[in-house]
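# Examination of the molecular architecture
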Amino acid sequence: MIFCKRINEDLSVREEHEAAHELLFRSIEKLYGISSPRIEKGEHGKPFFPEHPEIFFNISHCRGLVVCGFSDSEIGVDAELIRDHSPRVMDRVFSGSERETVLSSENRNEMFFRFWTLKEALGKCLGTGVFCDMKPYSFELSGERPVCAAVKDKIFFQKIIYEKWVVSVCTHDPKIEFIFEDQ
Amino acid sequence: MAKKNIVPEETAQAVAEAAPVAETAAPAAEVQEPKPAAKRGRKPAAAKAENAEKTEEKKPAAKRGRKPAAAKAENAENTEKKPAAKRGRKPAAAKAEKAEKTEKKPAAKRGRKPAAAKAETVGTAEKKPAAKRGRKPAAAKAETAAPEAKKTSRKKGTSYEEVVAAAKKKFLAANITRIKYPIAVNVELSGSVSGEFYIYVDADNQTIAVEPYRYDNYDVNFRADTDELLAVIKGKKNIYDALAGGLVKVSGITTKAILIIDAAF
């Protein structure tokens with residue numbers, strides 16, 4: 001289950017983070033009836049509920065949007081506002097085919113963030129983040145769902161919201177539902 | 001599961017005709033430039049002061065201002081006499097009971113306003129250094145942070161000032177010509193030395209600043225073990241290995257984190 005909520009676009013990164021946690025706590029109460037569970041962080045900073053290890057979650061925030069996802073197995077979620085992309089980041093993180101896809105796209109910025117959010121969602125699901133070498137995790141976007149040949153035991157979902165944000169999810173759960181919370 | 005305030009995706013789509021949701025589609029792009037920190041600014045923390053006598057600081061006109069973190073001070077007579085300029089950092093705390101002096105805070109070009117100055121019976125004032133983009137320094141809890149950091153730094157032979165100086169040297173040499181947008185990085189140190197400093201890339205003027213203050217309205221926040229960060233700064237360890245090892249962690253806008261890392265390392 002993926003909860004998305006629009007937020008004020010003028011918030012600072014820290015405030016976005018707080019808004020994402022608010023959404024997390026509200027959503028977990030609705031989904032599981034758990035009120036304000038304690039959160040701890042793992043080795044790489046991935047948060048988890050120590051008293052509810054059966055519940056896996058992940059949050060993401062960007063300008064104007066907060067997202068949190070729940071699953072019964074590891075899950076990674078990333079949301080990004082579509083904006084100017086950085087060729088330098090692309091060179092560092094994207095595979096050759098991904099770079100070609102971006103550069104040949106009519107909408108390079110959107111294509112960049114489609115790949116970027118997939119990589120970040122994968123990194124968050126694995127718990128490694130995107131600072132390890134992500135080039136081997138090359139994504140293909142031509143099918144119904146994004147596919148990463150290097151990761152066969154995970155399923156990826158992606159949504160473009162209001163033509164403004166991209167949200168990507170990496171999980172084992174084949175059934176993911178996106179829910180948009182009222183503002 | 002989802003109830004009252006939750007609108008299923010289909011409903012949301014129907015309601016927002018002008019803003020449709022497309023699954024794995026590639027609609028026309030809407031390029032949005034990041035707003036400057038000023039626009040995303042936060043409101044300052046409150047300045048609590050009980051029985052303060054001369055706590056009022058001269059606050060600079062802050063373009064991006066934010067109020068500074070609190071300056072708690074109890075028994076801060078000794079701590080505050082340390083010239084902030086020498087330490088290049090605003091004094092951790094201003095906890096001072098029955099303090100007497102007041103602080104003169106420097107004009108900050110883009111100054112964030114300092115976090116609240118909590119002071120119980122405060123009095124002592126310090127002359128704080130001028131910060132170019134100053135955020136006022138992280139909270140000044142005198143009893144804990146500053147003394148402890150100093151203690152450990154003596155033991156390890158490294159001080160907060162040395163860490164900031166090393167970072168400054170490293171980042172001032174960074175190649176930022178490919179950075180198009182401002183990047184504000186807050187660095188939280190822990191371990192042998194604790195404290196915070198910031199790195200700010202002014203893309204318009206192609207300048208970079210490293211100052212011993214906390215930057216609240218950051219784009220990127222690094223939380224780092226001091227020794228690990230020093231090893232990275234001195235080239236003894238690869239930054240990506242440090243990130244993979246978990247002793248340096250990044251939060252915030254990751255694309256900007258990559259840009260600043262690549263520019264400096």
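Rules behind the numbers
Residues numbered from 1 in each chain as written. Chains lettered and ligands numbered in written order. Predicted model: local features only at pLDDT ≥ 70, side-chain atom pairs only at ≥ 80, totals over all residues. Heavy atoms only, no water. Helix = DSSP H or I, 4+ residues; strand = E, 2+ residues; numbered from the N terminus. Buried < 20%, exposed > 50% of the residue type's maximum accessible area, 1.4 Å probe, protein only. Contact = heavy atoms within 4.5 Å. Areas by Shrake-Rupley, 256 points an atom, 1.4 Å probe, with all protein chains shown as cover. Pairing = 2+ DSSP bridges. Axes fitted to C-alpha atoms, helices over the stretch in contact; angles between N-to-C directions. Parallel < 35°, antiparallel > 145°, perpendicular 65-115°, else oblique. Nonpolar A, V, L, I, M, F, W, Y, C, P; charged D, E, K, R; others polar. pLDDT = per-residue confidence, 0-100. Phe/Tyr/Trp six-rings, centres within 6.5 Å; stacked < 30°, edge-to-face > 60°. Expected span 1.5 Å × (residues − 1). Salt bridge = Lys/Arg side-chain N within 4 Å of Asp/Glu carboxyl O. Disulfide = S-S within 2.5 Å.

## Observations concerning the overall build of chain B
Scanning chain B from terminus to terminus reveals eight helices and nine strands. Looking at the 265 residues of chain B, the share that counts as buried comes to 52%. For chain B, long-range pairs separated by at least 24 residues make up 72% of all intrachain contacts whose partners lie at least 6 apart in sequence. Element-wise, carbon and sulfur atoms account for 49% of the exposed surface of chain B, whose accessible area totals about 12,400 Å².

## Here's the deal with the overall build of chain A
Within chain A one finds four helices and 11 strands. By residue count, 60% of the 183 residues in chain A fall in the buried class. In chain A, the share of contacts with a sequence separation of at least 24, taken over all contacts with a separation of at least 6, comes to 55%. For chain A, the computed accessible surface area is about 7,100 Å², with 47% contributed by carbon and sulfur atoms.

## What to know about the pairing of strand β10 (residues 165–171) of chain A
Residue and element names in this part refer to chain A. Of all seven residues in β10, seven are buried, a share of seventy percent or more. Here strand β6 (residues 75–81) pairs with β10 via seven bridges, running antiparallel. Bridge assignment links E80 to a residue of β10, and that residue is V166. One ladder, built from seven bridges, connects strand β9 (residues 155–161) with β10; its direction is antiparallel. What sits directly across from I160, in β10, is V166. Taken together, β9 and the strand that follows it, β10, pair antiparallel across an intervening segment of three residues, in which Y162 is found at a positive phi of about 50°.

## Things to note about the packing of helix α4 (residues 108–126) of chain A against helix α8 (residues 254–264) of chain B
Relative placement of two packed helices is described by the angle separating their axes and the distance separating the axes. Two numbers describe how α4(A) lies on α8(B): the axes approach to 12 Å, and their chain directions differ by 90°. In terms of their interaxial angle, α4(A) and α8(B) are classed as roughly perpendicular. Counted together, A:F112, A:F113, A:W116 and A:E120 of α4(A) and B:T254, B:T255 and B:I258 of α8(B) form the full contact between these two elements. Its residues assigned to classes, the contact of α4(A) with α8(B) comprises four nonpolar, two polar and one charged.

## Here's the deal with the sheet that holds strand β7 (residues 207–211) of chain B
Residue and element names in this part refer to chain B. Taken together, five strands build an open sheet; the order of strands is β7-β6-β5-β8-β9 and the sheet is mixed. Edge positions in the open sheet fall to β7 and β9 (248–252), since each of these has one partner strand only. Across this sheet, the average inter-strand angle for adjacent strands is 15°, counted without regard to direction. Together, β5 (183–190), β6 (195–202), β7, β8 (220–225) and β9 form the strand contacts of α8, whose direction differs from that of β8 by roughly 60°.

## Some points on the confidence of the model for chain B
Of all residues in chain B, 41% attain a pLDDT of 70 or more, and the chain-wide mean is 61. pLDDT under 50 marks residues 1–155 of chain B. Its contacts with residues more than four places away, or in other chains, come to 402 contacts.

## Structural notes on the packing of aromatic side chains
All names here are of chain A. Taken as a whole and assessed by the stated rule, the structure comprises 13 aromatic pairs over all chains. Relative to F112, the ring of F94 lies with its centre 5.0 Å away and its plane at 25°, an arrangement referred to as stacked. Of this pair, F94 sits in the loop between α2 (87–93) and α3 (96–103) while F112 sits in helix α4, and the two are 18 residues apart along the sequence. Exposure class is identical for F94 and F112. Each is buried. An angle of 75° between the planes, with centres 6.4 Å apart, marks the rings of Y162 and W165 as edge-to-face. Through pairs of rings, three or more aromatic residues link up here, namely F94, F112, F113, F115 and W116.

## Some words on helix α1 (residues 13–32) of chain A
An ideal rise of 1.5 Å per residue puts 28 Å on 20 residues; α1(A) measures up with 28 Å between its terminal C-alpha atoms. On its buried face, α1(A) sits against β1 (2–6), β4 (56–62), β5 (65–71) and β11 (178–181) of chain A together with β9 of chain B. Once α1(A) finishes, A:G33 follows within two positions and takes phi at roughly 70°, a positive value.

## Examining unusual backbone geometry
Positive phi values are uncommon outside glycine, yet A:Y162 reaches one of about 50°. Considering the arrangement of structural elements, one finds A:Y162 in the loop between β9 and β10. The residue B:Q206 is not glycine, and still its phi comes out positive at about 55°. Mapping B:Q206 onto the fold places it in the loop between β6 and β7.

## Digging into the pattern of salt bridges
The final tally for this structure, using the stated rule, is 17 salt bridges over all chains. As a salt-bridge pair, A:R14 and B:D216 come within 3.5 Å of each other at their nearest N and O atoms. Pair noted here: A:R14 is in helix α1 and B:D216 is in the loop between β7 and β8, and the two residues belong to different chains. The exposure class assigned to B:D216 is buried, which follows from its relative accessible area of 4%. The partner of B:E196 in a salt bridge is B:R214, with the nearest N and O atoms 3.8 Å apart. Of this pair, B:E196 sits in strand β6 while B:R214 sits in the loop between β7 and β8, placing them 18 residues apart in sequence. The same class applies to B:E196 and to B:R214, which are both buried.

## Description of the state of the cysteines
Defined simply, a disulfide is a covalent bond joining two cysteines at their sulfur atoms. Residues and elements named next belong to chain A. A complete count under the given rule lists zero disulfides over all chains for this structure. Unpaired in this structure, C62 has its nearest cysteine sulfur neighbour in C4, at a distance of 9.8 Å. The class for C62 is buried, based on a relative accessible area of 5%. Here C125 is not disulfide-linked; the sulfur of C170 is the nearest cysteine sulfur, at 3.7 Å.

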